[in-house]
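Take a look at the letters that make up each chain.
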Amino acid sequence: MKAALAQTAPHLARVEANLSQHEETVTRAVAAGAELVVFPELSLTGYLLMEATPEVAITLDSPTMDRLRELSRQAAITVGFVEEAVGGRFFNAAAFLDGGELLHVHRKVYLPSHGLFDETRHFAMGDRMRVFDTRFGRVGMLVCRDFWHLGPAYVLACQDVDVMCVLSASPGRGAESGAGRFESTSSVSLLGDLYARSFGCHVLHCSRGGVEEGVTFAGGSEAFGPSGERLVRGADEEPDLVLVDIDPEARRAARLRMPFLKEERPHLILRELQRVLAERTAPRY
Amino acid sequence: MSSPSGPPLDTELAERVLVRFLREEAGRASFRRLVLGLSGGIDSAVAACLAARAVGTENVICIAMPWKDSNPESLVHGRLVADGAGLALDVVDLTAAAEGLLRELPAPTPHRIGNVLARLRMVTLWDRSFAEHALVVGTTNKTELLLGYGTMHGDLASALNPIGYVYKCQLRALARHLDVPQAVIDKPPSADLTPGQTDEDDLGFTYDEADAVLERMVERRESPQAIVAAGHDPVIVESIRRRVVRNQYKRRGPLIAKLSRRTIGWEFRYPRDWQT
């Protein structure tokens with residue numbers, strides 16, 4: 001199976017323009033042989049939305065989502081968008097669509113709100129980390145900061161995830177090192193390598209490029225094979241379309257060689273976590 | 001006493017990011033041209049080189065704006081920078097405008113004359129901005145922004161500032177990388193508002209000292225006590241801390257009295273690149 005990392009630079013708060021950008025990108029990716037096209041976080045809206053968040057939000061039964069369903073007849077797609085849900089809640093969400101159907105929605109569970117991030121001001125927190133079966137195997141999605149915390153990837157692994165799709169918008173920061181790219185990108189690379197080799201899965205990480213509000217997004221999308229090997233890397237900072245072959249046999253071979261999942265003990269981890277939390281909540285004074 | 005040095009800079013990455021910033025942000029606002037004041041100093045030289053790479057030399061308007069008391073060397077260096085970067089240089093002499101205005105003002109002091117000149121330069125740049133559909137590029141660096149060493153609505157005014165997050169010591173490295181003429185890099189920084197003035201005399205400390213202290217204070221969030229313990233002069237550390245705090249107003253827009261439900265800057269908080 002061939003996947004594409006669609007490292008776009010979305011227009012800020014212009015859903016219609018971004019929808020066209022998705023359609024053009026899918027056409028190009030399909031022409032190059034892609035069956036799955038992974039778009040970045042908030043690919044339909046841009047990232048630094050502030051109070052424009054509710055203005056670009058869509059519901060799952062909106063005409064915009066219908067157009068994305070239609071687009072998914074050409075190739076399976078992951079799309080980042082603002083979901084308007086019941087109760088006046090807005091989620092930083094990722095949709096997986098294939099064959100004209102919406103197969104899954106992941107709502108970002110870790111909302112960074114420090115430094116230049118202000119996500120809890122605008123978004124409600126997602127509370128699920130689920131996998132779903134597709135024609136490419138079992139897929140799990142994470143949005144940006146979900147990937148930095150170790151828990152979500154672990155929970156997906158405990159559900160036997162085959163392909164981890166990560167949608168990111170990473171503001172580039174740190175230009176002192178001399179390594180030729182933003183220092184913030186190196187942690188993400190390490191995590192992709194780690195999760196792929198620990199869980200014997202593929203990691204498809206799409207990280208947007210372009211500039212918004214003076215912030216340059218890091219780009220550098222990456223795909224990792226199930227032994228932690230980096231398969232491709234997109235351009236730094238600028239838009240790119242990166243193609244990668246995903247071989248299910250490589251996962252089988254990696255898991256035979258290093259059967260971490262077979263030997264994983266989630267019940268033990270759960271029991272110990274419950275103990276830790278019970279002890280932590282006990283009053284000290 | 002530790003030898004003061006500010007943070008290093010990946011100059012290749014900085015050039016790539018800052019050029020892209022100018023090109024994309026100008027494009028978002030539907031501008032293809034940029035305009036900036038060329039003082040003959042290192043900051044505007046770096047900004048001009050970045051602007052030339054971003055939109056092409058033919059789309060950058062550089063203006064030198066001397067007046068009668070300006071150091072003639074400033075204009076010479078401005079030409080050197082423009083020639084080196086392949087840019088045309090316009091000269092607008094502000095003497096008549098400044099003298100005309102100063103005649104109407106009560107007993108102007110050198111400091112106030114400096115502010116008047118800085119604001120006349122702003123008026124000149126914004127006029128060209130409107131006339132030629134070109135965005136005004138800022139030339140204030142991070143050290144100056146943090147210390148508040150600039151004139152509000154004067155040299156601090158701009159539409160896009162590519163070097164506002166680059167410390168003075170990093171700018172020297174970036175200037176060398178961008179082939180800014182050596183004479184411009186080596187000369188003592190001066191606002192050239194009064195004859196013989198240098199920034200470091202004005203401030204009471206060197207830019208190297210300031211950058212070393214500011215990096216600890218701002219980037220690493222160290223306390224003044226920790227910075228002094230690391231070997232920095234307590235008087236200079238306190239002077240820098242006070243400047244950073246006192247000049248916060250220069251880094252923000254005017255305060256708006258809260259009365260309605262959605263006040264601009266609080267509840268009405270939209271990105272500047274909204275729907276671009």
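What counts, and where the lines are drawn
Residues numbered from 1 in each chain as written. Chains lettered and ligands numbered in written order. Predicted model: local features only at pLDDT ≥ 70, side-chain atom pairs only at ≥ 80, totals over all residues. Heavy atoms only, no water. Helix = DSSP H or I, 4+ residues; strand = E, 2+ residues; numbered from the N terminus. Rg over C-alpha atoms; globule rule 2.2 N^0.38 Å. Buried < 20%, exposed > 50% of the residue type's maximum accessible area, 1.4 Å probe, protein only. Contact = heavy atoms within 4.5 Å. Lys, Arg positive; Asp, Glu negative; His and termini not counted. Charge placed at Lys NZ, Arg CZ, Asp CG, Glu CD. Areas by Shrake-Rupley, 256 points an atom, 1.4 Å probe, with all protein chains shown as cover. Salt bridge = Lys/Arg side-chain N within 4 Å of Asp/Glu carboxyl O. Disulfide = S-S within 2.5 Å. Core = buried A, V, L, I, M, F, W, Y, C linked by side-chain atoms within 4.5 Å. 1 Å grid on protein atoms, 1.4 Å probe; cavity = no way out; pocket = protein on both sides within 12 Å on 5 of 7 lines; lining within 4 Å. Points joined across faces, edges and corners; volume = space filled by probe spheres on them. Nonpolar A, V, L, I, M, F, W, Y, C, P; charged D, E, K, R; others polar. Buried area = accessible area lost by both parts, 1.4 Å probe. Pairing = 2+ DSSP bridges. Axes fitted to C-alpha atoms, helices over the stretch in contact; angles between N-to-C directions.

## Notes on the overall build of chain B
Turning to step 1, where the next piece is worked out: If you tally the helices and strands in chain B, you get twelve helices and four strands.
Turning to step 2, where the next piece is worked out: Computed over the C-alpha atoms, the radius of gyration of chain B is 19 Å, within 12% of the 19 Å expected from 2.2 N^0.38 for a compact globule of 276 residues.
Turning to step 3, where the next piece is worked out: Dimensions along the principal axes, computed over C-alpha positions, put chain B at roughly 55 × 50 × 50 Å.
Turning to step 4, where the next piece is worked out: Buried residues in chain B amount to 51% of all 276 residues.
Turning to step 5, where the next piece is worked out: Within chain B, counting contacts between residues at least 6 apart in sequence, those at least 24 apart form 75% of the total.
Turning to step 6, where the next piece is worked out: Positive and negative side-chain charges of chain B, numbering 34 and 35 respectively, have mean locations separated by a distance of 8 Å.

## Side note on the overall build of chain A
Turning to step 1, where the next piece is worked out: Across its full length, chain A holds nine helices and 14 strands.
Turning to step 2, where the next piece is worked out: Once the C-alpha set of chain A is aligned to its principal axes, its extents read approximately 50 × 50 × 45 Å.
Turning to step 3, where the next piece is worked out: For chain A, contacts bridging at least 24 residues in sequence account for 66% of all contacts bridging at least 6.
Turning to step 4, where the next piece is worked out: Here chain A has roughly 12,200 Å² of accessible surface; of this, 53% comes from carbon and sulfur atoms.
Turning to step 5, where the next piece is worked out: Considering chain A, the positive charge centre built from 31 side chains and the negative charge centre built from 39 side chains are found 6 Å apart.

## Describing the pattern of salt bridges
All names here are of chain A.
Turning to step 1, where the next piece is worked out: What the rule picks out here adds up to 40 salt bridges over all chains.
Turning to step 2, where the next piece is worked out: When the shortest N-O distance is used, the salt bridge between Arg 67 and Glu 23 registers 3.2 Å. Note that Arg 67 is positioned in helix H2 (residues 63–71) and Glu 23 in helix H1 (residues 15–31), a separation of 44 residues in sequence.
Turning to step 3, where the next piece is worked out: Taking the relative accessible area as the measure of exposure, Arg 67 reaches 30% and is therefore partly exposed.
Turning to step 4, where the next piece is worked out: Where Arg 73 meets Glu 70, a salt bridge forms, and the shortest distance between an N and an O atom there is 3.1 Å.
Turning to step 5, where the next piece is worked out: Overall, Glu 70 belongs to the partly exposed group, its relative accessible area being 47%.
Turning to step 6, where the next piece is worked out: Several salt bridges converge on common partners, so that one network encompasses Arg 181, Glu 222, Arg 230, Arg 233 and Asp 236.

## Observations concerning the state of the cysteines
Turning to step 1, where the next piece is worked out: A complete count under the given rule lists zero disulfides over all chains for this structure.
Turning to step 2, where the next piece is worked out: The thiol of Cys 165 of chain A is unpaired, and the distance to the nearest cysteine sulfur, on Cys 206 of chain A, comes to 9.9 Å.
Turning to step 3, where the next piece is worked out: Under the relative-accessibility criterion, Cys 165 of chain A is labelled buried at 0%.
Turning to step 4, where the next piece is worked out: Left unpaired, Cys 62 of chain B is separated from the closest cysteine sulfur, that of Cys 49 of chain B, by 9.1 Å.
Turning to step 5, where the next piece is worked out: A residue is classified by how much of its surface remains accessible, and Cys 62 of chain B, at 1% relative accessible area, is buried.

## Thoughts on the nonpolar core
Turning to step 1, where the next piece is worked out: Counting 48 residues, the largest nonpolar core has Leu 22, Leu 34, Val 46, Leu 50, Cys 62, Leu 87 and Val 180 of chain B as its most contacted members.
Turning to step 2, where the next piece is worked out: Within the residue set of this core, elements represented by two or more residues are helix H1 (11–28), strand S1 (33–37), helix H2 (42–55), strand S2 (60–64), helix H3 (72–85), helix H7 (168–177) and helix H8 (182–186) of chain B.
Turning to step 3, where the next piece is worked out: A total of eleven residues in this core trace back to one element, the largest contributor, which is H2 of chain B.
Turning to step 4, where the next piece is worked out: Residue contacts for Val 180 of chain B: discarding those within four places in its chain leaves Ala 45, Val 46, Cys 49, Ala 175 and Ile 185 of chain B.
Turning to step 5, where the next piece is worked out: If you look at the next biggest cluster of nonpolar residues, it comprises 44 residues, including Val 15, Ala 29, Tyr 47 and Phe 217 of chain A.

## Examining empty space enclosed by the protein
Residue and element names in this part refer to chain A.
Turning to step 1, where the next piece is worked out: Inspection of every chain in the model, using the stated rule, returns three cavities of 30 Å³ or more.
Turning to step 2, where the next piece is worked out: Here the largest cavity is characterised by a volume of approximately 100 Å³.
Turning to step 3, where the next piece is worked out: Around the largest cavity, the lining is made up of 15 residues, and of these Ser 170, Val 188, His 205, Ser 207 and Gly 219 lie nearest the centre.
Turning to step 4, where the next piece is worked out: Those elements giving two or more residues to the lining of the largest cavity turn out to be helix H6 (184–199) and strand S9 (202–207).
Turning to step 5, where the next piece is worked out: Per-element tally for the lining of the largest cavity: the top contributor is H6, with four residues.
Turning to step 6, where the next piece is worked out: Its residues assigned to classes, the lining of the largest cavity comprises four nonpolar, nine polar and two charged.
Turning to step 7, where the next piece is worked out: Here the second largest cavity defines a volume of roughly 80 Å³.
Turning to step 8, where the next piece is worked out: In terms of lining, the second largest cavity is formed by 14 residues, of which the most central are Phe 117, Cys 144, Arg 145, Trp 148 and Ser 170.
Turning to step 9, where the next piece is worked out: For the lining of the second largest cavity, a count of residues per class yields seven nonpolar, two polar and five charged.

## Regarding the interface of chain A and chain B
Turning to step 1, where the next piece is worked out: Between chain A and chain B, the contact holds 30 residues from the first and 25 residues from the second.
Turning to step 2, where the next piece is worked out: The junction of chain A with chain B conceals about 2,200 Å² of combined surface from both sides, 49% of it contributed by carbon and sulfur atoms.
Turning to step 3, where the next piece is worked out: Sorting the residues of chain A by area buried against chain B places Glu 51, Glu 176 and Val 211 of chain A first, and these three jointly supply 23% of that buried surface.
Turning to step 4, where the next piece is worked out: The interface formed by chain A and chain B holds two salt bridges in total.
Turning to step 5, where the next piece is worked out: Note that Glu 238 of chain A is salt-bridged to Arg 20 of chain B, the shortest N-O span being 3.0 Å.
Turning to step 6, where the next piece is worked out: Residues that form the side of chain A that touches chain B fall into these classes: eleven nonpolar, seven polar and twelve charged.

## A word on the sheet that holds strand S3 (residues 89–91) of chain B
Residue and element names in this part refer to chain B.
Turning to step 1, where the next piece is worked out: On the basis of which strands lie adjacent, the open sheet formed by four strands has the order S3-S2-S1-S4 and parallel pairing. Bordering the open sheet on either side are S3 and strand S4 (134–136), each of which pairs with just one other strand. Adjacent strand axes in the sheet meet at a mean angle of 30°, parallel and antiparallel pairs treated alike.
Turning to step 2, where the next piece is worked out: Both S2 and S3 contribute to a ladder of three bridges, which runs parallel. For Ile 63, the partnering residue across the bridge sits in S3 and is Asp 90.
Turning to step 3, where the next piece is worked out: Together, S1 and S2 form the strand contacts of H2, whose direction differs from that of S1 by roughly 170°.
Turning to step 4, where the next piece is worked out: Contacts from H3 reach S2 and S3 within the one sheet, and its direction differs from that of S3 by about 155°.

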